[in-house]
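Coordinate inspection notes
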Amino acid sequence: MKKIILTYALMTAFCLCSRMCYAQFYSVNTNIPALATTTLNMEVSMTLNRKWSLHLPVYYNPFVFSDNKKIQNFTVMPGVRYWMLESYVRGFVGINAIGSKYHFTWKDFRYEGLAFGAGISAGYAYLLSPRWNLELEGGIGLVWADYTKYRCEECGRKVGDENRWYAVPNKVAVSLVYLF
C-alpha cells in the first residue's frame, strides 16, 4: 500500500512540475570565416525562453605558418541574444564578454598577451531546414589588451610591455548551425 501511495504521489508531483517546465532547444555551430584562418571553433547554445538564448563560442588556433607567422589564440566569448521573433529564427541582437590568450605576428612585430572585454552584435538566422540554420552576425567590442611586444626579425628581443583599450570587430561570423 505504501508503495502505491508513493507511486501516485511521485506521478502527481511529476505531472504538476511538467506543467511548469518549458522545452529547451540547443544548437551547435561553427564559424566558417574563422575556419578559413585555420582557427578551430565551436559554439554551443541553448534557449532560455522564446526570446532569449545563451551562447558559448570557443576559438582555438595552435598553428604556426611559414616564416614563423602565427595567429595563435584561445578565445571564449560567452553571451546572450535577444531574438526579435523567437529563438533561432530571423533577427537578433546580442551582448557578450570576451576573454583571450593570444600570440600572433603583425607586420614587423610579434605580440603575446591577454585580452578581456565586452561587445555587442546583431545578426540574422536563415532557416535552411527544421534542423539546420545559416547565421550571419557582426559586432564590435571594447577590449583591454595586456601584451608583450617583440621584434619579429630576432624573435626573442623584447620591445616592451604594453596595455590599452581597443575597439575591435569581435563578431564576424557566417555560421552553419545544427539545432536539436
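Preceding this section is the structure that the text describes.
Basis of the calculations
Residues numbered from 1 in each chain as written. Predicted model: local features only at pLDDT ≥ 70, side-chain atom pairs only at ≥ 80, totals over all residues. Heavy atoms only, no water. Helix = DSSP H or I, 4+ residues; strand = E, 2+ residues; numbered from the N terminus. Buried < 20%, exposed > 50% of the residue type's maximum accessible area, 1.4 Å probe, protein only. Areas by Shrake-Rupley, 256 points an atom, 1.4 Å probe, with all protein chains shown as cover. Phe/Tyr/Trp six-rings, centres within 6.5 Å; stacked < 30°, edge-to-face > 60°. Lys NZ or Arg CZ within 6 Å of the ring centre and 35° of its normal. Contact = heavy atoms within 4.5 Å. Pairing = 2+ DSSP bridges.

Attention now goes to the overall build of the protein chain. Looking only at helices and strands, the protein chain features two helices and nine strands. Going from N to C terminus, the protein chain has its helices and strands arranged as α-β-α-β-β-β-β-β-β-β-β. Across the 180 residues of the protein chain, 36% fall into the buried class. Surface summary for the protein chain: the accessible area is close to 11,400 Å², and the carbon and sulfur share equals 68%.

Okay, the packing of aromatic side chains next. The tally for this structure, following the rule as stated, stands at 12 aromatic pairs. Ring geometry for Tyr26 versus Phe180: centroids 6.2 Å apart, planes at 25°, classification stacked. Pair noted here: Tyr26 is in strand β1 (residues 26-31) and Phe180 is in the segment after β9 (158-179), with a separation of 154 residues, a long-range link. Where Tyr102 meets Phe104, the ring centres are 5.6 Å apart and the plane angle is 40°; that geometry is what we call tilted. When its relative accessible area of 26% is taken as the criterion, Phe104 is described as partly exposed. Through successive ring pairs, a cluster of aromatic residues spans Tyr26, Trp132, Tyr178 and Phe180. The lysine or arginine in question, Arg110, covers the ring of Tyr150, its NZ or CZ lying 4.2 Å from the ring centre.

For the rest of this paragraph, the subject is unusual backbone geometry. Here Tyr88, not a glycine, exhibits a phi torsion of approximately 70°, which is positive. Summarising the element assignment, Tyr88 is placed in the loop between β5 (79-83) and β6 (90-106). When its relative accessible area of 4% is taken as the criterion, Tyr88 is described as buried.

This part takes up the environment of Ala34. As for its placement among the helices and strands, Ala34 is situated in helix α2 (residues 32-36). Taking the C-alpha atoms as reference points, Ala34 and Asn61, separated by 27 residues in sequence, lie 9.6 Å from one another. Beyond its immediate chain neighbours, meaning those up to four positions away, Ala34 contacts Thr39, Asn41 and Tyr59.

The next point concerns the pairing of strand β8 (residues 132-151). Two elements, strand β7 (residues 109-127) and β8, share 19 bridges in a ladder whose sense is antiparallel. Bridging from a neighbouring strand, Ala115 pairs with Ala145 of β8. The turn joining β7 and β8, which pair antiparallel and follow one another in sequence, is formed by four residues. Where β8 and β9 come together, 18 bridges link them in antiparallel fashion. Residue pairing across strands places Trp132 opposite Tyr178, the latter belonging to β9.

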